[in-house]
Amino acid sequence: GDSVTQTEGLVTLTEGLPVMLNCTYQTIYSNPFLFWYVHYLNESPRLLLKSSTDNKRTEHQGFHATLHKSSSSFHLQKSSAQLSDSALYYCACNNAGAKLTFGGGTRLTVRP
Amino acid sequence: NSKVIQTPRYLVKGQGQKAKMRCIPEKGHPVVFWYQQNKNNEFKFLINFQNQEVLQQIDMTEKRFSAECPSNSPCSLEIQSSEAGDSALYLCASSLSRANTEVFFGKGTRLTVV
């Protein structure tokens with residue numbers, strides 16, 4: 001089946017520094033959909049970004065990611081971290097089979 | 001804001017007891033998922049439905065867990081005999097179609113097995 005790897009379990013940054021959370025995936029399908037979900041404490045996980053188009057940058061709420069099929073990657077980036085960005089971030093992959101496969105999650109902590 | 005409603009928010013059960021949680025998917029969403037978020041914050045897929053039919057489920061779900069999504073009633077996930085390792089946040093989610101669309105999550109039911 002599909003698998004998604006997020007290499008960092010925990011990322012701690014100072015406010016204002018750039019954010020990069022890694023995500024790579026494995027799938028036998030040639031046209032996967034990749035997603036980033038954000039989960040704040042005591043709230044529902046919610047969609048941050050999604051893409052299925054190779055080499056096209058997608059942006060939302062200051063975050064951006066580009067799906068690179070050649071390297072099976074969908075890294076999440078932001079130019080300047082804010083305190084309110086502290087949360088759990090999940091990369092996920094979906095094909096035609098309905099199940100959304102999640103990575104292990106990265107806890108981002110932004111300090112003043 | 002997500003319109004997926006999960007009840008109860010918190011559930012405490014003794015080992016061996018049944019634990020049942022419910023989910024009302026977003027209106028018009030025929031596909032429903034259950035995930036378990038464990039103490040390491042990992043999302044583990046349990047089962048999904050389209051309308052009342054099971055699409056996929058893992059072995060754990062087949063043996064100790066039961067789930068259903070009856071028409072005109074909330075979906076439910078029940079653990080027949082709770083174990084300490086079942087303590088987790090159980091997340092229900094729904095979507096418009098089977099693949100490649102946004103999935104909307106509820107806030108979850110936090111199960112503690114004592």
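Scroll up for the structure.
Residues numbered from 1 in each chain as written. Chains lettered and ligands numbered in written order. Predicted model: local features only at pLDDT ≥ 70, side-chain atom pairs only at ≥ 80, totals over all residues. Heavy atoms only, no water.

> Please explain the interface of chain B and chain A as it appears in this structure.
The parts lose accessible area when they come together, and the size of an interface is often stated as this lost area. On the side of chain A, 22 residues touch chain B, which itself brings 25 residues to the contact. Where chain B packs against chain A, one counts zero salt bridges. The interface formed by chain B and chain A contains nine residue pairs in polar contact (both at pLDDT 80 or more). The set of elements that each furnish at least two residues to the side of chain B that touches chain A consists of strand E4 (31-37), strand E5 (43-50), strand E6 (53-57) and strand E9 (88-95) of chain B. (Contact = heavy atoms within 4.5 Å. Salt bridge = Lys/Arg side-chain N within 4 Å of Asp/Glu carboxyl O. Polar contact = N/O pair within 3.5 Å; in protein donor to acceptor, adjacent residues only side chain to side chain. Helix = DSSP H or I, 4+ residues; strand = E, 2+ residues; numbered from the N terminus.)

> So what exactly am I meant to see when it comes to the environment of Tyr 37 of chain A here?
Take Tyr 37 of chain A: it is sitting in strand E5 (residues 33-39). Judged by its relative accessible area of 1%, Tyr 37 of chain A falls in the buried class. Beyond its immediate stretch of four places on either side in the chain, Tyr 37 of chain A contacts Pro 45, Arg 46, Leu 47, Leu 48, Leu 88, Tyr 89, Tyr 90, Leu 100 and Phe 102 of chain A together with Glu 102, Val 103 and Phe 105 of chain B. Among the polar contacts listed, one links the side chain of Tyr 37 of chain A to the backbone nitrogen of Val 103 of chain B, at a separation of 2.9 Å. (Buried < 20%, exposed > 50% of the residue type's maximum accessible area, 1.4 Å probe, protein only.)

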